[in-house]
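# A closer look at the structure
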Amino acid sequence: MKAARAWQRMLSGRRLDLIDPSPLDIEIADIAHGLARVARWNGQTRGDEIFSVAQHSLLVEAIFSALDAQAPREAKLAALLHDAPEYVIGDMISPFKAVMGGEYKEVERRLLAAILLRFGLKPAFEPELAKAIKAADGDAAFYEATELAGFALAEARKFFTKPRVELKDFAPYVAPWRPQEAQAQFLARFAELDA
């Protein structure tokens, strides 16, 4: 019986092996293109455009950087890339990830490690950095839930942590952009942090 194909061809021409991803097969243009076309919240958001993972990543990095302006460039880059594996595997909602468990998380972990190595970062987040990125991700999720995904404030408070930042400071990130705009903004911020 023929083995199933375990790689995806990217627009750059790279073939990324999902079982054993190599940092050499990862290009930021592929990541930005993919993330700008992957919908957060399974597409269940208000507006004419999807709210993309690229835009979410920019929001998380902006919150992370606002909360720790002195964070090193590498930490800010890690925050921007925290959901980068989703350019290949899509954005699975948290309830689905909980159902799928270990194997899904392991594929995601290996992809993230390869991505981080590709851009000169450690292959896993240090615990303190992981905690800070997760907190910024939580702040973003609260505002996405209430502004885009139809959650009432009382309902959002049950499922998400209370944000430590004011929405008004990040409002431009919460209005869905066209995919080309999200892609361009993601690449521009990556270029600033990778310089």
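Now for a look at the structure at hand. Given the structure is predicted, the values throughout are model-derived calculations rather than measurements.

On to the overall build of the protein chain. Scanning the protein chain for helices and strands turns up 10 helices and two strands. Put simply, the protein chain runs from its N terminus to its C terminus through helices and strands in the order β-β-α-α-α-α-α-α-α-α-α-α. A compact globule built from 195 residues should have a C-alpha radius of gyration of about 16 Å, and the protein chain, at 16 Å, falls within 12% of that. Taking the principal axes of the C-alpha coordinates as reference, the protein chain spans close to 55 × 40 × 35 Å. Residues counted as buried form 46% of the 195 residues belonging to the protein chain. Long-range pairs, those at least 24 residues apart, make up 65% of the contacts in the protein chain with a sequence separation of at least 6.

Turning our eyes to something else, we now look at the environment of Lys 76. Among the structural elements, Lys 76 can be located in helix α3 (residues 73-80). Considering only alpha carbons, one finds Lys 76 and Ala 66, 10 residues apart in sequence, at a separation of 10 Å. Setting aside residues up to four positions removed in sequence, Lys 76 forms contacts with Glu 61, Phe 64, Ser 65, Asp 68, Ala 69, Ala 71, Arg 189 and Leu 193.

This part takes up unusual backbone geometry. Positive phi outside glycine occurs at Trp 41, with the angle close to 60 degrees. Within the fold, Trp 41 resides in the loop between α1 (28-35) and α2 (53-67). On the basis of relative accessible area, Trp 41 is assigned to the buried category, the value being 17%. Phi at Asn 42 is positive, roughly 55 degrees, even though this residue is not glycine. Following the sequence through the fold, Asn 42 ends up in the loop between α1 and α2.

Within an α-helix, residues lying three or four positions from one another point in the same direction, as the helix has 3.6 residues per turn. An ideal rise of 1.5 Å per residue puts 21 Å on 15 residues; α2 measures up with 21 Å between its terminal C-alpha atoms. With 13 of 15 residues buried, α2 is to be regarded as a mostly interior element.

This paragraph deals with the layout of surface pockets. Of the voids in this model, the second largest pocket is the one considered here, and its volume is about 180 Å³. Around the second largest pocket, the lining residues are Glu 74, Ala 75, Ala 78, Leu 116, Leu 121, Lys 122, Ala 124, Phe 125, Glu 126, Glu 128 and Leu 129. Of all the elements in the fold, those that place two or more residues in the lining of the second largest pocket are α3 and α7 (127-147).

Between α3 and helix α10 (residues 179-194), whose axes approach to 9 Å, the crossing angle comes to 155 degrees. For the element pair α3 / α10, the angle class is roughly antiparallel. In the crossing of α3 with α10, the sense of the turn from one axis to the other is left-handed. Contact residues: α3 offers Arg 73, Lys 76, Leu 77 and Leu 80, while α10 offers Phe 186, Arg 189, Phe 190, Leu 193 and Asp 194. Residues that form the contact of α3 with α10 fall into these classes: five nonpolar, no polar and four charged.

In this structure the tally under the stated criterion is seven aromatic pairs. Here Tyr 173 and Trp 177 contribute two aromatic rings whose centre-to-centre distance is 6.1 Å and whose plane-to-plane angle is 45 degrees, an arrangement assigned as tilted. Overall, Trp 177 belongs to the buried group, its relative accessible area being 16%. Aromatic ring contacts, followed pair by pair, group Trp 41, Phe 151, Phe 159 and Phe 160 into a single cluster.

To continue, consider the nonpolar core. With 59 residues, the main nonpolar core has Ile 31, Leu 81, Tyr 87, Phe 119 and Phe 186 as its most contacted residues. Within the residue set of this core, elements represented by two or more residues are α1, α2, α3, α4 (86-89), α6 (102-118), α7 and α10. At eight residues, α2 tops the list of elements feeding residues into this core. The residues contacting Ile 31, other than those within four sequence positions of it, are Ile 26, Ala 84, Tyr 87, Ile 115, Phe 119 and Phe 186.

Scoring rules and cut-offs
Residues numbered from 1 in each chain as written. Predicted model: local features only at pLDDT ≥ 70, side-chain atom pairs only at ≥ 80, totals over all residues. Heavy atoms only, no water. Helix = DSSP H or I, 4+ residues; strand = E, 2+ residues; numbered from the N terminus. Rg over C-alpha atoms; globule rule 2.2 N^0.38 Å. Buried < 20%, exposed > 50% of the residue type's maximum accessible area, 1.4 Å probe, protein only. Contact = heavy atoms within 4.5 Å. Expected span 1.5 Å × (residues − 1). 1 Å grid on protein atoms, 1.4 Å probe; cavity = no way out; pocket = protein on both sides within 12 Å on 5 of 7 lines; lining within 4 Å. Points joined across faces, edges and corners; volume = space filled by probe spheres on them. Axes fitted to C-alpha atoms, helices over the stretch in contact; angles between N-to-C directions. Parallel < 35°, antiparallel > 145°, perpendicular 65-115°, else oblique. Left-handed = near helix turned anticlockwise from the far one by under 90°. Nonpolar A, V, L, I, M, F, W, Y, C, P; charged D, E, K, R; others polar. Phe/Tyr/Trp six-rings, centres within 6.5 Å; stacked < 30°, edge-to-face > 60°. Core = buried A, V, L, I, M, F, W, Y, C linked by side-chain atoms within 4.5 Å.

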